[in-house]
Amino acid sequence: QGVLAAEGRTSELKATIESAIAAGLGLARHLYVLDALGGVNVGSDAGAAASAAIADPNTPASMVWLAGVWHAHLGNSAMTRLIRDSLVARGARDASVTTQPYVRSLNAGLALLQGDTAAAVGALRTVLASAPQTDLDWDLGNPLAPDRLLLARLLLAQGHARDAIRTADVFDHPVPIVFLPYLPASLELRRRAAEALGETREAHGYTARLTALGVSRHLATVTPSSTPEA
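Every value quoted in this text rests on a predicted model; they were computed, and no experiment measured them.

Student: Sorry if this is basic, but what is going on with the overall build of the chain here?
Tutor: Of regular secondary structure, the chain possesses twelve helices and zero strands. Beginning at the N terminus, the succession of helices and strands in the chain can be written as α-α-α-α-α-α-α-α-α-α-α-α. Taken over C-alpha atoms, the radius of gyration comes to 17 Å for the chain, in line with the 17 Å a tight globule of 230 residues would show. Considering the chain as a whole, with its 230 residues, one finds that 48% of them fall into the buried category. When contacts within the chain are restricted to residue pairs at least 6 apart in sequence, long-range pairs at least 24 apart make up 61% of them. Between the averaged position of the 19 positive side-chain charges in the chain and that of its 21 negative side-chain charges there is a distance of 4 Å.

Student: Help me understand the side chain of Asp-35, please; the structure alone is not making it clear to me.
Tutor: Along the chain, Asp-35 falls in helix H3 (residues 31-37). The side chain of Asp-35 is buried and forms no salt bridge, while Lys-14, the nearest opposite charge, is found at 10 Å. Leaving out residues up to four positions away in the same chain, Asp-35 has contacts with Gln-1, Ala-5, Leu-13, Ile-17, Val-40, Val-42 and Pro-181.

Student: For this particular structure, what's the right way to read the environment of Pro-101?
Tutor: Mapped onto the elements, Pro-101 comes out in helix H7 (residues 100-113). On the basis of relative accessibility, which here comes to 10%, the residue Pro-101 falls in the buried class. Along the chain, Pro-101 and Gly-43 lie 58 residues apart, while their C-alpha atoms are 25 Å from each other.

Student: Which parts of the structure should I look at to understand unusual backbone geometry?
Tutor: What you tend to see is this: most non-glycine residues have negative phi, and most peptide bonds are trans. For the peptide bond that leads from Val-175 to Pro-176, omega is 5 degrees, which places it in the cis range. Mapped onto the secondary structure, Pro-176 falls in the loop between helix H10 (161-168) and helix H11 (183-196). Positive phi, close to 50 degrees, is recorded for Leu-144, a residue that is not glycine.

Student: Help me understand helix H6 (residues 77-93), please; the structure alone is not making it clear to me.
Tutor: One full turn of an α-helix is made of 3.6 residues, so residues set three or four places apart face in the same direction. Over its 17 residues, H6 runs 24 Å from end to end, which matches the ideal 24 Å to within 8%, given 1.5 Å per residue. Restricting attention to buried positions, one finds in H6 the residues Ser-77, Thr-80, Ile-83, Arg-84, Leu-87 and Arg-90. Considered in projection along H6, the buried side chains sweep an arc of 150 degrees and stay on one side of the axis. With respect to the buried face of H6, the exposed residues turned more than 90 degrees away are Ala-78, Leu-82, Ala-92 and Arg-93. Check the buried side of H6 and you find it contacts helix H4 (43-55), helix H5 (61-73) and H7. Where H6 begins, the side chain of Asn-76 points an oxygen toward the backbone nitrogen of Ala-78, at a separation of 3.4 Å.

Parameters and conventions
Residues numbered from 1 in each chain as written. Predicted model: local features only at pLDDT ≥ 70, side-chain atom pairs only at ≥ 80, totals over all residues. Heavy atoms only, no water. Helix = DSSP H or I, 4+ residues; strand = E, 2+ residues; numbered from the N terminus. Rg over C-alpha atoms; globule rule 2.2 N^0.38 Å. Buried < 20%, exposed > 50% of the residue type's maximum accessible area, 1.4 Å probe, protein only. Contact = heavy atoms within 4.5 Å. Lys, Arg positive; Asp, Glu negative; His and termini not counted. Charge placed at Lys NZ, Arg CZ, Asp CG, Glu CD. Salt bridge = Lys/Arg side-chain N within 4 Å of Asp/Glu carboxyl O. Expected span 1.5 Å × (residues − 1). Arc of directions from axis to C-beta. Polar contact = N/O pair within 3.5 Å; in protein donor to acceptor, adjacent residues only side chain to side chain.

By themselves, these are just geometric observations and shouldn't be taken as functional.
Shown next, in the form of C-alpha cells:
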C-alpha cells in the first residue's frame, strides 16, 4: 500500500486496504489517515478512520495519535486537545503504554493552531529528537512521519530552505516503511526549497523523480491551520 500511495494509485490503494480489513486486519484502516496526512487523496476515508479510532477504547495509542494529528490538520483545536488529554490519561493509567512522544506531537499541533509557529517548530524538533528508536521499520506510529513532513514545511515557510531539505531528506530512506506515502510530498517540498535557493539542477532532479513516480507535482499541502484561536 505504501508503494501504491507513493505512485498515486489511489483506487488500487483503497482496494488493498479494504481487502486487508475484510481479511480481519482492522489496523489497516488507519493507513488512510497516515496516507492522507502525506497528501494522498483519501481524505473522506481518513475522516472515517479517525472517528473510529476515537470511538474505540481499544485503539492503540499510536492510532489515537494519528486521529489527533488529523484533527489538527482540519483546524479542530478542541478535538485535538481532547485526544491529547486522552493520551495523557492513558499514559498515567498504564506506564507500559508509550504515549509521551504522541502527546508532545499534539502539543506542537496545538501550538501551531494557536498561531505560535516558533513554539511548534521547537516542539517538533524535541519530539523527533527524543522519539523511540526501536521497531521503526514496520511501526506505524514511532517514525512520526507526519511530524517530519510538517517540520520540513514549517522550516520552508520560515525561509529556512536548507534545513527544510535536510529534514525532508529522511523520506528517501528505505525504512521505516511508512515513509513511502510521504515521498512525493517530500520531493515536491525539496523541489520548491531548491528553487528558493537558486539550485536549478537539484530542483530538476526532484522534478524528474516525481515524474518517475507518476504523480502530480502539485501535491496538496497538508499542514494544520495556523490561524490563531479567537
